[in-house]
Amino acid sequence: MILTDTNTDGSSPSGTKSAGWCSPLLMRTGVLLIALVVILGLLCLAFVHFDIRVDEAWLGQQVYSLVTHGEVRSEFFRDKAPLDGKIVLYHTLLIWMGAAASWLTGWGLYTLRAVSVVAGLLLAASLFWFRPFGMNRRIAALAALLLLITPLYFRVMLIFRPEMLLTLLGFLSFVLVDRGVIPARRDLLFFAGLCAGCSGATHALGLSFALAGGVVLLVYRRFRVLAWFIAGSLIGFAPYVAGFFTDRSAFLDQAFHNPLIQSDIGMHWYQPVVNLLGEHTRWFRNFESIGISVLFVLAILLQRRESWHRNRLFWIFFGALAIAIAIAPIPKTSRYLVLMAPFMISVIAASLTSRSPSVGIRSKLAGFLLPVWAIVFVCSGVVSLGREAFSQGSHRIATNHQLAAHLVPGSLVMAPFDFTFSEQPNFVVQSYRGAQLTRRSFSPDELEAYADSLSVKYLIFSSEEVLFWGIDTLNLASQFSRYSPVSVTGADERWLMKKIGLP
């Protein structure tokens, strides 16, 4: 069970070995507290300075629409079906949480980001409190700290996207499953299913937690209470598919015929096998995923037979979760690995602090490499977090405000996604995405003809639009005949054009 303590000396019952020389230092309370203060300080700075992501603007505009108009819409794609009207398929629980936060403190980038930050901190606290993998409190504290400096984790935590909320709900589902299996408790397993279903209502991939919980109950032969778990999952997931019953045509179009935001997803009968075989590309895709993945593999190599038996439920749940994520028809982007991060970190922390002797060349080699890679992992994580803490990504808001001072309030503006922060209340902000999908050739003439056909009053370019449309920023006036450049001092990497004839 997850609340089983380890030995009083801080060693893990997992039967693994790590470098004993690092365990005493890692487990000192003072060191852990100092590390916590430093990490939280850096996270606070990163929360403010982290660059604005496209998805934050896209989801943020949905929240704004829900708060102000009572339904989910987006002006970004007002020129392209199927997102040119009411949106009935969206990250339901995340948008609702964003709307609730906006109702309390006002809509804006930091209000929305707070949803993910709070979820991320609660998840780290839950890891410390519930202590999976038989960790004692000090090892669980180490696991929580390692989680907070994992680039894969804190970068998802600092933006308004669904992964952090769905991971929190999924981890709580695991906790309740673990508590409710022995003895079989209908109440805990119902709420375990409810958490898993709500995770799916945040992002459909959250249903992987429901599948993992169901596999555990089947393996443990808890057939009578499985129905309660399934009932909770269906109730929690129901809001996500409610649009199917209110506007079936729009729901299906937005789910399966949506070139605006849908990646190329294979739906052949053999695709799950292909997806499973290609899952390693997610685990070892980039800097964000490689660090924790290598550390986890090394920790796996240190596990002994008694560890697998003692933590049997943990491994069944994690294995089912990993397979469900692997076969899911989603892109192999690294950010979805965060769903498994709390479980991976638990195994890593337990292995790092274990003093059990190694047996065999493989265990000895892994026991040597684990602390070495852990040092690399911690140093790179702290440096990465520090860079984000002192970056200047949030200056986009000031730039947007400077540009907005030259626009007539209420105008239709075609602009980069980030312009929605915090100018959405004052303008109708449309993206370039529809134009990119509609036009067959890409030139300034094509762009301004398209914009003029939609009565766009202002064009705002970033370096991305400049490159895509082949715009010469040194000769804007000669390239456009229907829009004229506006001189804006200090607006870095932004160029403003207005419709000729506007004051």
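Quick summary incoming for the structure in this document.

Between its first and last C-alpha, helix α16 (residues 287-301) extends 22 Å over 15 residues, near the 21 Å set by a 1.5 Å rise per residue. With a side-chain oxygen lying 3.2 Å from the backbone nitrogen of Glu 288, the N-terminal cap of α16 falls on Asn 286.

A sheet is described by the order of its strands in space; here 5 strands give the open sequence β2-β1-β3-β5-β4, paired in mixed fashion. The open sheet has two edge strands with one neighbour each: β2 (428-430) and β4 (483-486). Each strand axis lies, on average, 25° off the axis of its neighbour in the sheet, ignoring direction. For β4 and strand β5 (residues 495-499), the ladder comprises 4 bridges, and the chain directions are antiparallel. When the sheet's bridge partners are listed, Pro 485 is paired in β5 with Met 497.

Next up on the list: the pattern of salt bridges. Applying the stated criterion to the full structure yields 17 salt bridges. Between Glu 56 and Arg 113 there is a salt bridge; the shortest N-O distance is 2.7 Å. Here Glu 56 is found in helix α3 (residues 54-69), whereas its partner Arg 113 is found in helix α5 (residues 109-130), with 57 residues between them in sequence. Between Glu 163 and Arg 335 there is a salt bridge, with its nearest N and O atoms 3.4 Å apart.

Below, the discussion takes up unusual backbone geometry. Cis rather than trans, the peptide bond between Ala 81 and Pro 82 has omega equal to 10°. Assignment of secondary structure puts Pro 82 in the loop between α3 and α4 (92-105). Cis peptide bonds are those with omega within 30 degrees of zero, and the linkage from Ile 182 to Pro 183 qualifies with -10°. With respect to the element layout, Pro 183 can be found in the loop between α8 (163-181) and α9 (186-202). Non-glycine residue Arg 131 carries a positive phi angle of around 50°. Structurally, the position occupied by Arg 131 is in the loop between α5 and α6 (137-148).

As a further point, take the environment of His 406. For His 406, the position within the fold is in the loop between α21 (395-404) and β1 (412-414). On the accessibility criterion, His 406 (38% relative accessible area) is partly exposed. Separated by 364 residues in sequence, His 406 and Leu 42 place their C-alpha atoms 35 Å apart. Apart from the residues lying within four places of it in its own chain, the contact partners of His 406 are Tyr 458, Val 486, Ser 487, Val 488 and Leu 496.

Attention now goes to the pairing of β5. Strand residues, when the strand is regular, have side chains that alternate between the two faces of the sheet. Here 4 bridges tie strand β3 (residues 458-461) to β5, and the two strands are oriented antiparallel to one another. Looking at the pairing, Tyr 458 lines up with Lys 498 of β5.

The next subject is helix α11 (residues 223-237). Spanning 15 residues, α11 covers 21 Å between terminal C-alpha atoms, matching the ideal 21 Å at 1.5 Å per step. Within α11, the full set of buried residues consists of Val 225, Leu 226, Phe 229, Gly 232, Ser 233, Gly 236 and Phe 237. Summarising the axial view, the buried residues of α11 lie within an arc of 125°, below the 170-degree limit, and thus occupy one face. Residues of α11 that are exposed and point more than 90 degrees away from the buried face comprise Arg 224, Leu 234 and Ile 235. Check the buried side of α11 and you find it contacts α8, α9 and α10 (207-219).

Rules used in this analysis
- Along each chain, residue indices are assigned from 1 in the same order as the chain's sequence is written.
- A pLDDT threshold of at least 70 governs which residues receive local features in this predicted model, and a stricter bar of 80 or more applies before side-chain atom pairs are shown or counted, although totals over entire chains, interfaces and linings include all residues.
- By convention in this description, side-chain values take in all heavy atoms of the structure and omit both hydrogens and water.
- The helix count covers DSSP runs of H or I at least four residues long, the strand count covers runs of E at least two residues long, and both are numbered beginning at the N terminus.
- Each residue after the first adds 1.5 Å to the expected span of a helix.
- Identification of polar contacts relies on pairs of N or O atoms within 3.5 Å, with a donor-acceptor requirement for protein atoms, meaning one able to donate a hydrogen and the other able to accept it, and with residues adjacent in sequence counted only if both atoms are side-chain atoms.
- For two strands to be treated as a pair, DSSP must find no fewer than two bridges joining them.
- What counts as an axis is a line fitted to C-alpha atoms, over the stretch in contact for a helix, and the angles between N-to-C directions run from 0 to 180 degrees.
- We count a salt bridge whenever a side-chain nitrogen from Lys or Arg sits within 4 Å of a carboxyl oxygen from Asp or Glu.
- Working definition: with a 1.4 Å probe on protein chains only, accessible area under 20% of the residue-type maximum means buried, over 50% means exposed, and in between means partly exposed.
- Two residues qualify as a contact provided that any one of their heavy atoms is within 4.5 Å of a heavy atom in the partner residue.
- As used here, the arc belongs to the directions running from the helix axis to the C-beta atoms.

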